[in-house]
Every structure is written in C-alpha cells, then in structure tokens.
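Chain by chain, the residues run as shown.
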Amino acid sequence: MTAALRVYQYLAPAVLAPLSFYLWWSEYGNLPQVLVAWLIPVLWAYIVPAIGTNMCKVWEFDVRWKLGRFRPHHGFVFGSSTATIAWLIHGHPAETLTDIARFSVILASVLGFWNVLYEVRALRGGILKVYNQPWADGRGEEAIALDYAPWFFGGFGAAHGLSIAGMEYLVGHYGPLGPMQTAIYLLLGTALCIAFPVLGFMRHSLRAHGHR
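Report on the accompanying structure.

Re the overall build of the protein chain
Then, in step 1: What the protein chain contains, in helices and strands, is 7 helices and 2 strands.
Then, in step 2: The order of helices and strands in the protein chain, counted from the N terminus, is α-α-β-α-α-β-α-α-α.
Then, in step 3: On C-alpha atoms alone, the protein chain measures out to a radius of gyration of 17 Å, which is about the 17 Å that the 2.2 N^0.38 rule sets for 212 residues.
Then, in step 4: For the protein chain, the residues scored as buried account for 48% of the 212 residues in total.
Then, in step 5: The long-range share in the protein chain, meaning contacts at least 24 apart out of those at least 6 apart in sequence, stands at 71%.
Then, in step 6: Carbon and sulfur atoms make up 69% of the accessible area of the protein chain, which amounts to about 10,500 Å² in all.
Then, in step 7: Of the charged side chains in the protein chain, 14 are positive and 11 negative, and the gap between their average positions amounts to 9 Å.

Here is the structure:
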C-alpha cells in the first residue's frame, strides 16, 4: 500500500489534472466556471498544507522532493483528484438556493469520507506525519486522522460545493461573469474555502483539547 501511495502522488496528478480540467470544460464551456471548480482546490491544497507544514509545523510529508516539510506537487495531488470527484458527483447545474445547499452538503460528505480513509493510509505508510493532540497522546492513525480530517476536508468540501453551485446559480440567472468579476469570485471562493474549515477545526480543537 505504501508503494502504491508513493506512485499515486506522481501518477494521479499527471493524469487527473488535465482530465479534470477537460471534464469541467466539457460540462461548462465557460472558463470562469471551470476555474472555480478546478483551480480553487489546487490553490487550497498549496496554501493550507504549506502553512500547516512549514509555518505551524503540525504536518510533515516524508517524500523524496520537499520544500521544507511540504511536497511541492501537493496542490495537484489533492486538487486534481478533488476536482475529478466533484465532477463525478455533480448533477444538473444549481438553479435554486436549495440546489446550492444540496451540492455543498453532498461534496462535504464525499470529500470528508474519502479523505479520512486516505489520511489514515498515508499516516500508516509514513508518507504523512501529523503532530496533533492524539499523536501526542500516543493514539493510533485513525484517532490522529479523525481529529482533523473531517473538519479540513469536509469543511473544504462544503465551501467548495457552495462556490461551484453558487457560480452556476449566478451564471444561470444573470449571465456569464466578466474577467474582474471572475477574479473577485475566485478570491472570495478561495478565502471561504480556507476560512471555513480552519475555523471549524479551531473550534473543535478548543472544545476537545482546550487549545487550538
């Protein structure tokens, strides 16, 4: 399993990054919408883990090529697979506020579930190291992963689902966004995808462990 994960981290983004971009382009034919669905998870997976590894020092990747404690291709490892999963579970474009909420909840559930499983495997294989309270208490990989993964990945999925479906709602009701509007939407969407899971985890950690 460890060997498979080590190959996956290079093979998957090489295949899934262009594939997921193509799938979303086939879905929309509209670059602003494609960027929201495809680019935001890549950006998130560079920003949040990079801070967690090299600034907060609570995560570490044990791989051959690293920038400090961070693997430089991580944004595409997570981002390309996430964009592909989001496309697979995506139904019709959001037309109502209920549609937006529904897709947000579904994507949160799917990403939360599969990423908990992946994190446990990565921790067992030694590819990933996480220095949180369960780790300090000497608990197993499941406890370590369950302390942060549902919050970070489920929270990201909720925010990203909201961003994707929200853009669909806007385009469907008001027409395509211009370049400046797209840039602002991407900035706000990325900020939401960072803030929501981080704040959720901080609240959980404070209640569960008495510290952030």
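Concerning a nonpolar patch on the surface
Then, in step 1: A cluster of nonpolar side chains, namely Val7, Leu11, Val15, Leu19 and Tyr22, defines an oily patch on the protein surface of about 470 Å² accessible area.
Then, in step 2: By secondary structure assignment, the location of Leu11 is in helix α1 (residues 2-28).

Some details on helix α3 (residues 74-89)
Then, in step 1: With 16 residues, α3 should reach 22 Å at 1.5 Å per residue; the first-to-last C-alpha distance of 23 Å fits that figure.
Then, in step 2: For α3, the full list of buried residues reads His74, Gly75, Val77, Phe78, Gly79, Ser80, Ser81, Thr82, Ala83, Thr84 and Ala86.

Here's the deal with the pattern of salt bridges
Then, in step 1: What the rule picks out here adds up to 2 salt bridges.
Then, in step 2: Between Asp99 and Arg102 there is a salt bridge; the shortest N-O distance is 2.8 Å. With Asp99 and Arg102 both in helix α4 (residues 97-125) and 3 residues apart, the pair spans about one turn of that helix.
Then, in step 3: The salt bridge involving Glu142 is made with Arg124; its shortest N-O contact spans 2.0 Å. Of the two residues, Glu142 is situated in helix α6 (residues 141-174) and Arg124 in helix α4; the sequence distance between them amounts to 18 residues.
Then, in step 4: On the basis of relative accessible area, Glu142 is assigned to the partly exposed category, the value being 35%.
Then, in step 5: Look at Arg124 and you get partly exposed, because its relative accessible area is 44%.

Focus: the environment of His74
Then, in step 1: Secondary-structure assignment places His74 in helix α3.
Then, in step 2: By relative accessible area, which is 11% here, His74 ends up buried.
Then, in step 3: Here the alpha-carbon distance between His74 and Glu142, two residues 68 residues apart in the chain, equals 22 Å.
Then, in step 4: At a separation of 3.0 Å, a polar atom in the side chain of His74 contacts the side chain of Arg71.

What counts, and at which threshold
- Residue numbers run consecutively from 1 along every chain, following the written order of its sequence.
- For a predicted model such as this one, the threshold for reporting local features is a pLDDT of at least 70, and the threshold for listing and counting side-chain atom pairs is 80 or more; totals across whole chains, interfaces and linings nevertheless cover every residue.
- Working from all heavy atoms in the structure, the side-chain values ignore hydrogens and water.
- Strands are runs of DSSP state E lasting at least 2 residues, helices are runs of H or I lasting at least 4, and numbering of each runs from the N terminus.
- Each radius of gyration is computed over the set of C-alpha atoms, and the globule rule expresses the reference value as 2.2 Å times the number of residues to the power 0.38.
- Only protein chains enter the accessibility calculation, which uses a 1.4 Å probe. A residue is then buried if its area is under 20% of the maximum for its type, exposed if over 50%, and partly exposed in between.
- In this description, contact between two residues means that some pair of their heavy atoms is separated by no more than 4.5 Å.
- Accessible areas in this description were obtained via Shrake-Rupley with a 1.4 Å probe; residue shielding takes into account the shown protein chains only.
- In this tally, Asp and Glu contribute negative charge and Lys and Arg positive charge; neither His nor the terminal groups of the chain are included.
- Where a charge sits is defined by one atom per residue type, namely NZ (Lys), CZ (Arg), CG (Asp) or CD (Glu).
- Only residues above 30% relative accessible area that lack a salt bridge enter a patch, with like-charged residues linked at up to 9 Å and the nonpolar side chains Val, Leu, Ile, Met, Phe, Trp and Tyr linked at up to 5 Å.
- By salt bridge we mean one thing: a side-chain nitrogen of Lys or Arg within 4 Å of a carboxyl oxygen of Asp or Glu.
- Expected span, for any helix, means 1.5 Å times one less than how many residues it has.
- Polar contact criterion, stated in full: a pair of N or O atoms within 3.5 Å, where within protein one must be able to donate a hydrogen and the other to accept it, and residues adjacent in sequence count only if both atoms are side-chain atoms.

Purely spatial values, then, with no claim about function.
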